Amino acid sequence: QVQLVESGGGLVQPGGSLRLSCAASRSIFSFNAVDWYRQAPGKEREFVARISSGGGTNHADSVKGRFTISRDTAKNTVYLQMNSLEPEDTGVYYCKAARWDSDYWGQGTQVTVST
């Protein structure tokens, strides 16, 4: 069984920064990729960023230049550094780990961008 625990969310003013963490219960090399998704109130869950097992990354157009996904393999943790936050970035942020047998989701962490 795989467990993912997100942390680092909170309330931040527009233009501010947050760093989210996704801690996995096993080596992140056991996953094909780890993704960050987000879900705003009343909207569908949407892709934010991905880091593959080889370390390659890609980011949604809406966050390019502002968000950066990275990882610490020694800590089995994937991060999402979020800068220049906007109210439209508000939502619950989830990490997802993809393996050959299934996808695993964390419980999510709330990010609220507001004055």
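Our structure's up above, just so we're on the same page.
Notes on the structure in this doc start here. Fair warning: this is a prediction, and the values are worked out from it, not measured in the lab.

Basis of the calculations
Note that residues are indexed from 1 along each chain, following the sequence as it is written. Under the rules for a predicted model, residues below a pLDDT of 70 receive no local features and side-chain atom pairs below 80 are neither given nor counted, while totals for whole chains, interfaces and linings still include all residues. Excluded from the side-chain calculation are hydrogens and water; included are all heavy atoms of the structure. Each helix corresponds to a stretch of at least 4 residues labelled H or I by DSSP, and each strand to a stretch of at least 2 residues labelled E; elements are numbered beginning at the N terminus. Any pair of nitrogen or oxygen atoms within 3.5 Å is treated as a polar contact; in protein, a donor-acceptor pairing is required on top of that, and neighbouring residues in sequence qualify only through side-chain atoms on both sides. Strands pair, by our definition, only if DSSP identifies at least two bridges between them. The convention used is that axes are lines fitted to C-alpha atoms, helices contributing only their stretch in contact, and that angles between N-to-C directions extend from 0 to 180 degrees. By definition, disulfides here are pairs of cysteine sulfur atoms that lie within 2.5 Å. Three labels apply to residues, based on accessible area from a 1.4 Å probe with only protein chains included: buried if under 20% of the type maximum, exposed if over 50%, partly exposed otherwise in between. Contact between two residues is taken to exist if any of their heavy atoms lie within 4.5 Å; hydrogens are not considered. What counts as a ring pair is set by centres within 6.5 Å for rings of Phe, Tyr and Trp (its six-membered ring), and what kind of pair is set by the plane angle: stacked under 30 degrees, edge-to-face over 60, tilted for all other angles.

The next thing to look at is the side chain of Thr-77. Along the chain, Thr-77 falls in strand β8 (residues 77–82). A distance of 2.9 Å separates the side chain of Thr-77 from the backbone oxygen of Lys-75, its partner in a polar contact.

We now examine the sheet that holds β8. With antiparallel pairing, four strands are arranged side by side in an open sheet as β1-β3-β8-β7. Of all strands in the sheet, those with a lone pairing partner are β1 (4–7) and β7 (67–72), marking the two edges. When the angles between neighbouring strand axes are averaged without regard to direction, this sheet yields 15°. Two strands pair when backbone bridges link them, and β7 and β8 are joined in this way by six bridges, in the antiparallel orientation. Bridging from a neighbouring strand, Ile-69 pairs with Leu-80 of β8.

This part takes up the state of the cysteines. Counted by the stated rule, this structure contains one disulfide. Linked covalently through their sulfurs, Cys-22 and Cys-95 form a disulfide whose S-S length is 2.1 Å. Disulfide Cys-22-Cys-95: the torsion about the S-S bond is 65°, which places it as right-handed. Here Cys-95 lies in strand β9 (residues 91–98) and Cys-22 lies in strand β3 (residues 18–24), a separation of 73 residues in the sequence.

Counting through the fold element by element, Glu-46 comes out in strand β5 (residues 46–52). Owing to a relative accessible area of 34%, Glu-46 belongs among the partly exposed residues under this scheme. Remark: the alpha-carbon pair of Glu-46 and Tyr-94, spanning 48 residues in sequence, is separated by 9.9 Å. Among residues more than four places away in sequence, those in contact with Glu-46 are Tyr-37 and Arg-38.

Here the focus is the packing of aromatic side chains. Applying the stated rule across the entire model yields three aromatic pairs. Here the aromatic rings of Tyr-94 and Trp-105 are separated by 6.4 Å at their centres, their planes lie at 85°, and the arrangement is edge-to-face. Residue Tyr-94 is located in strand β9, and its partner Trp-105 is located in strand β10 (residues 103–105); the two are separated by 11 residues in the primary sequence. Tyr-94 sits in the buried class, given a relative accessible area of 13%. Exposure remark for Trp-105: the relative accessible area of 36% places this residue in the partly exposed category. Taken together, the aromatic side chains of Tyr-37, Phe-47, Tyr-94 and Trp-105 make up a single cluster linked through ring pairs.

Structurally, Asn-76 is set in the loop between β7 and β8. A polar atom in the side chain of Asn-76 sits 3.5 Å from the backbone nitrogen of Ile-28. Apart from residues lying up to four places away in sequence, Asn-76 is in contact with Cys-22, Ala-23, Ala-24, Arg-26, Ser-27 and Ile-28.

Here the focus is the environment of Phe-47. With respect to the secondary-structure elements, Phe-47 resides in strand β5. Under the relative-accessibility criterion, Phe-47 is labelled partly exposed at 25%. In this structure, the C-alpha to C-alpha distance between Phe-47 and Tyr-37, residues 10 residues apart in sequence, is 4.5 Å. With near-sequence residues (within four places) excluded, Phe-47 lies in contact with Asp-35, Trp-36, Tyr-37, Asn-58, His-59 and Ala-60.

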